[in-house]
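Listed below are the residues making up each chain.
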Amino acid sequence: MNLLLVRILFLVGSMIVGFQAAGFIGILIGALAALVMIFLEIGMRKVSVTGLSSAVFGLILGLIMAKLVGDAFSLTALSREIISSIRVTLTLVFCYLGMVMALSGKDEFSIIIPYVRLRRQDQAEEVILLDTSVIIDGRIVDIFKTRFLSGKIIIPKFVLRELQQIADSTDPIKRQRGRRGLEILNTVQKESGLDISINDEDFAETSEVDAKLVKLAKLLEAKILTVDFNLNRVATIQGIKVLNINELANALKSLVFPGEEMQIKLIKEGKEHNQAIGYLDDGTMVVVEDGRRLIGQDVKAVVTSVLQTQAGRMIFTKLNR
């Protein structure tokens, strides 16, 4: 049963109830009332679960405060009519203030109903958020298969929306990257065997996906899995733990030291005069001085220095003559 069928049944049921209550005029009244409810329901689709929970929390808090203050006024010598008016006024004021305050600070609510974690303190579940870059990168498939990461994997809905926009781009390169990301997500959900879920929180007041991701990570006390260097920096500054696949890959690369000999196949020319470039099995770039004339051959080279950059490790060598 889809949503459209439910709306039609609701409309028909309202018309039948209206007919039984007021005849043919009741049919029109019932239809109008049902349409109003349907439009309200469509408008409420933009309301997040977190926002709704915060509003309910603020409403309950406002009712409690209004009851306490109203009881205090009942101890005075005021007449019943005045006290009743005061109670109604207090209820409206405190309920309004409670809902406004709760909605304004909903991002800081970590104990509202959708996010209550009913578990033992010594069995804390790790929550990991995926960003767009790490999904498109694709290495998460192999990482998840190895069970290197455990816990609950969450894919925010705004990340899915960004992937869809990239996949629908007029730029063929972007379109290919977006479609690749969607295919990788499909593979992860089918083959990883991990607990993967979609989070509907959107943070409509924020337009940037990275900023939304940081806010959601704070709300859920989650880690962010990414390959985006800028997101890594921003999240770390705000106290959020980041799992960067590039940093993991760099940490797993083979260690080499000056004076060590290695064999490398030269593939292309380097930027400087007479340089040639080769690559180790893990993708590390090796620059060989005076190796341009030997491109296409396997050569023995001696390490002279190792340069660690944000993009990775570069090894500088010279031919072993």
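Predicted, not measured: the structure shown is a model, and the values here were computed from it. (Residues numbered from 1 in each chain as written. Predicted model: local features only at pLDDT ≥ 70, side-chain atom pairs only at ≥ 80, totals over all residues. Heavy atoms only, no water.)

Enquirer: Just to check I follow, could you spell out the pattern of salt bridges for this structure?
Expert: Here the idea is simple: oppositely charged side chains can pair when their charged atoms come close. In total, this model carries seven salt bridges according to the counting rule given. Here D200 makes a salt bridge to K157, at a shortest N to O gap of 3.7 Å. Linking D200 in the loop between β3 (195-199) and α8 (209-220) with K157 in helix α6 (residues 157-167), this pair joins segments that are 43 residues apart in sequence. D200 sits in the partly exposed class, given a relative accessible area of 48%. When its relative accessible area of 41% is taken as the criterion, K157 is described as partly exposed. Residues R161 and D202 are paired through a salt bridge, measuring 3.3 Å at the closest nitrogen-oxygen approach. Taken together, the positions of R161 in helix α6 and D202 in the loop between β3 and α8 put the pair 41 residues apart, joining distant regions of the chain. (Salt bridge = Lys/Arg side-chain N within 4 Å of Asp/Glu carboxyl O. Helix = DSSP H or I, 4+ residues; strand = E, 2+ residues; numbered from the N terminus. Buried < 20%, exposed > 50% of the residue type's maximum accessible area, 1.4 Å probe, protein only.)

Enquirer: Before we go on, may I ask you to explain helix α7 (residues 172-191) in this structure?
Expert: Residue pairs three or four apart in sequence face the same way in an α-helix, which turns once every 3.6 residues. Across its 20 residues, α7 extends 28 Å between first and last C-alpha, which sits within 8% of the 28 Å expected from 1.5 Å per residue. Three or more residues of α7 are buried, namely G178, G181, I184, L185 and V188. Here the buried residues of α7 occupy an arc of 120° about the axis, which is enough to place them on one side. Of the residues in α7, the exposed ones pointing more than 90 degrees away from the buried face are P172, Q176, E183 and K190. Along its buried surface, α7 packs onto α4 (132-137), α5 (140-145), β2 (152-156), α6 and β3. Structurally, the start of α7 carries an N-cap: the backbone nitrogen of I173 is 2.9 Å from a side-chain oxygen of D171. In the stretch just after α7, G193 is the one whose phi turns positive, near 75°. (Expected span 1.5 Å × (residues − 1). Arc of directions from axis to C-beta. Contact = heavy atoms within 4.5 Å. Polar contact = N/O pair within 3.5 Å; in protein donor to acceptor, adjacent residues only side chain to side chain.)

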